[in-house]
Amino acid sequence: MLAFVPVLVAWGQAARFGLPYIPPLLPYSESAATGPHGFPMWVRYCHFFNFLFLTMLIRSGLSILMDHPRLYFNNDCTPGTEWIRLSPLSVPADRMWTAKDDARYISPLAALPGYRHTIGIARSWHFLNVYGFIITGLIFVSLLFSTTQWQRLVPTSGTVFVQAWSTFVHYANFHFPPEPNGYYGYNALQQLTYFGMVFVMGPLSIATGLAMSPALVNHFSRFGGRQAARSIHFMAMLGYVVFIIVHVTLVALTGFMRNMNHIVVGTDDLGPLGMILGFVGIGVVLLCWVVAHYVSWKRPRRLQHLQRTISLPLLLATFNRVAPGQRYRIDEASPHFWPNGKMPEREDWKRLAADHFREYRLQVGGLVENPVELSLSELQALGMEEFVTMHHCIQGWTGIAQWKGVPMKTLVDLVKPTPAAHTVVFYSFGKGLYGGDYYETQRLEDVLQPACLLALEMNQRSLSDLYGAPLRLRVENQLGYKMVKWIERIEFMESEKHVGQGEGGKNEDDEYFDLLPNI
Ligand SMILES: Nc1nc2c(c(=O)[nH]1)N[C@H]1C(S)=C(S)[C@@H](COP(=O)(O)O)O[C@H]1N2
Ligand SMILES: [Mo]
């Protein structure tokens, strides 16, 4: 709605005062041109790759979004507090409704890969393309400032804003002011818009993307939260979509052949070559979309591994080193905390639950010198710690809660892993979404971090059955799926390759999630 205000003002101005004066344009020619002009090859290539990466980002982003199709500005994600809901469903009050129940279908024509709950694959595409997008942006901006081309984009005088407004009043009244030849310079509105795209929207999207990371949010918890970042990230996406539509329309309406020659072949003439090659370029982008769908369904494991090969070393060197702080207060605990996962159906768990887990024994074994079996009270006696943190589900929702339990470090010190042990496996009583026992692994280094607990309590009460009784894992700089609920036993191993399908967890095996999700 707010976006229409300038349009209304523009209509009012034109109705009252007429269209503002825009000075006539001087004819351009190569010989008379002063200042930077033309489109060097690097501009044209960056333009193409930017289009490719941006469309892939928008499409994979839509798949991610529909896995939790609600956007909020508050941290607790209580149903009904969202400012926009892209789902016809409100949460039923009479039965359990998990975040996974809430995921929605989206057409593969609009999204990559589309369908329902395909977030693992969508994230691989999103991250791979974000690397491309950032590299393109860095190359573009460095070349911009190492040549004179920056002068075409960066406003150097305040009058640009006045001129841009005048041009906007013309457009808003469906009138085309005399257009400069973009080969030699942009009109003021065009310049400001391009400047905004490169220097505001790009950095904003990257910053809000980073601000959804559990590692960063739980470290810098006073810098806003994941939901505001998610909402702004979404609005930036809408901004790109609007920009692409308006930009393409104006390119077509203000001299299509000539404009296409500018940006595709770098010449300023009226021949058909730019248009033809431009359509070929668009065809290549469409082909990339199709190939991406093919890879998503036929080679998802390859895609997952490619994404891991690039992202894992980057995360290990950066986000994974950022220790979670303990900066939330208990009174900030969320009134609603979305439940996720399938309740255990095993008889032994049900029997234990009926008896409040008095008979429960946590088995800790594998590559350790001192395997143990511990009751809940023996565990408590090892010493408990507590903190209040924000939980980040891969699907997009968050919730603040207090957790109390035994630091994994204490347990590790007790059982003494052998030098061969590098991986800790947490087995659950529950099953995964697609059947088979739920389990997840952690690198031994990561469970030694201070914010890694075997939690017995949530918000100052024993864990309820729904939230993982009798024990669940907390690893506050990672995403929620790593935090196994209803823990049955723990095993130390050489590598995650020896358990399940060897990808590092049930979600990694079945849904192509990341091995180390710090973001
Ligand atoms: N056993 C088991 N643990 C699990 C899951 C599951 O499906 N089974 N889901 C995980 C996911 S995706 C999240 S976000 C959190 C959710 O925890 P909550 O139910 O307390 O919100 O649990 C994690 N632990
Ligand atoms: Mo999750």
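Residues numbered from 1 in each chain as written. Chains lettered and ligands numbered in written order. Predicted model: local features only at pLDDT ≥ 70, side-chain atom pairs only at ≥ 80, totals over all residues. Heavy atoms only, no water.

For the rest of this paragraph, the subject is the site of ligand 1. Neighbouring ligand 1 are 20 residues; Trp338, Asn340, Arg472, Met483 and Lys485 lie closest to it. In this structure, an oxygen atom belonging to ligand 1 sits 2.5 Å away from a main-chain N or O atom of Trp338. In this structure, an oxygen atom belonging to ligand 1 sits 2.6 Å away from a side-chain N or O atom of Arg472. Here ligand 1, which alone exposes 520 Å², has 99% of that area covered by the protein. (Near = heavy atom within 4 Å. Polar contact = N/O pair within 3.5 Å; in protein donor to acceptor, adjacent residues only side chain to side chain. Areas by Shrake-Rupley, 256 points an atom, 1.4 Å probe, with all protein chains shown as cover.)

So, on to the pattern of salt bridges. Under the criterion given, the structure shown has 22 salt bridges. Three or more residues are tied together by salt bridges with common partners; here these are Arg70, Glu82, Arg85 and Asp102. (Salt bridge = Lys/Arg side-chain N within 4 Å of Asp/Glu carboxyl O.)

Looking now at the packing of aromatic side chains. Counted under the stated rule, the structure contains 26 aromatic pairs. Both rings, one in Phe49 and one in Phe53, keep their centres 6.0 Å apart while their planes meet at 25°; by these two values the pair is stacked. Here Phe53 and Phe49 lie together in helix H2 (residues 41-65), a separation of four residues that amounts to about one turn. For Phe49, a relative accessible area of 33% translates into the label partly exposed. The interplanar angle of 85° and the centroid separation of 4.9 Å between the aromatic rings of Tyr186 and Tyr194 together place this pair among those described as edge-to-face. Relative accessible area serves as the criterion here: at 16%, Tyr194 is assigned to the buried category. By the ring-pair criterion, three or more aromatic residues cluster together here, those being Tyr45, Phe48, Phe49 and Phe53. (Phe/Tyr/Trp six-rings, centres within 6.5 Å; stacked < 30°, edge-to-face > 60°. Helix = DSSP H or I, 4+ residues; strand = E, 2+ residues; numbered from the N terminus. Buried < 20%, exposed > 50% of the residue type's maximum accessible area, 1.4 Å probe, protein only.)

Another point: the layout of surface pockets. Here the second largest pocket defines a volume of roughly 1100 Å³. Along its surface, the second largest pocket is lined by 40 residues, and His126, Phe127, Val130, Gly209 and His233 are the ones closest to its centre. Elements supplying a minimum of two residues to the lining of the second largest pocket: H2, helix H3 (119-146), helix H6 (188-210), helix H8 (226-253) and helix H11 (300-317). A total of eight residues in the lining of the second largest pocket trace back to one element, the largest contributor, which is H3. Across the lining of the second largest pocket, the residue classes tally to 26 nonpolar, ten polar and four charged. Shared between two domains, the lining of the second largest pocket takes at least three residues from each, and those domains are domain 1 (45-87 + 106-317) and domain 2 (327-511). (1 Å grid on protein atoms, 1.4 Å probe; cavity = no way out; pocket = protein on both sides within 12 Å on 5 of 7 lines; lining within 4 Å. Points joined across faces, edges and corners; volume = space filled by probe spheres on them. Nonpolar A, V, L, I, M, F, W, Y, C, P; charged D, E, K, R; others polar. Domains from an automatic or database assignment.)

The terminal C-alpha atoms of H6 lie 32 Å apart, and with 23 residues this matches the ideal 33 Å at 1.5 Å per residue to within 8%. The principal kink in H6, of about 35°, is found at Met197. Within H6, burial applies to Ala188, Leu189, Gln191, Tyr194, Gly196, Met197, Met201, Gly202, Ser205, Thr208 and Gly209. In the core, the buried residues of H6 are packed alongside helix H4 (150-153), helix H5 (159-172) and H8. Sitting at the amino-terminal end of H6 is Asn187, which places a side-chain oxygen 2.9 Å from the backbone nitrogen of Leu189. (Expected span 1.5 Å × (residues − 1). Bend = angle between axes of the 7 residues up to and from the residue. Contact = heavy atoms within 4.5 Å.)

Considered domain by domain, the protein chain is made up of domain 1 (45-87 + 106-317) and domain 2 (327-511). Just the C-alpha atoms count here: the centres of domain 1 and domain 2 sit 38 Å apart. Of the residues lining the interface, 33 residues belong to domain 1; the matching set on domain 2 comes to 31 residues. When the buried surface of domain 1 facing domain 2 is broken down by residue, Asn218, Arg222 and Arg226 rank first, second and third, together holding 21% of it. Between Glu503 and Arg308 there is a salt bridge, with the nearest N and O atoms lying 3.6 Å from each other. Where domain 1 touches domain 2, the interface holds 16 residue pairs in polar contact (both at pLDDT 80 or more). For the side of domain 1 that touches domain 2, the secondary-structure elements that each account for two or more residues are H3, helix H7 (214-219), H8 and H11. Its residues assigned to classes, the side of domain 1 that touches domain 2 comprises twelve nonpolar, twelve polar and nine charged. (Buried area = accessible area lost by both parts, 1.4 Å probe.)

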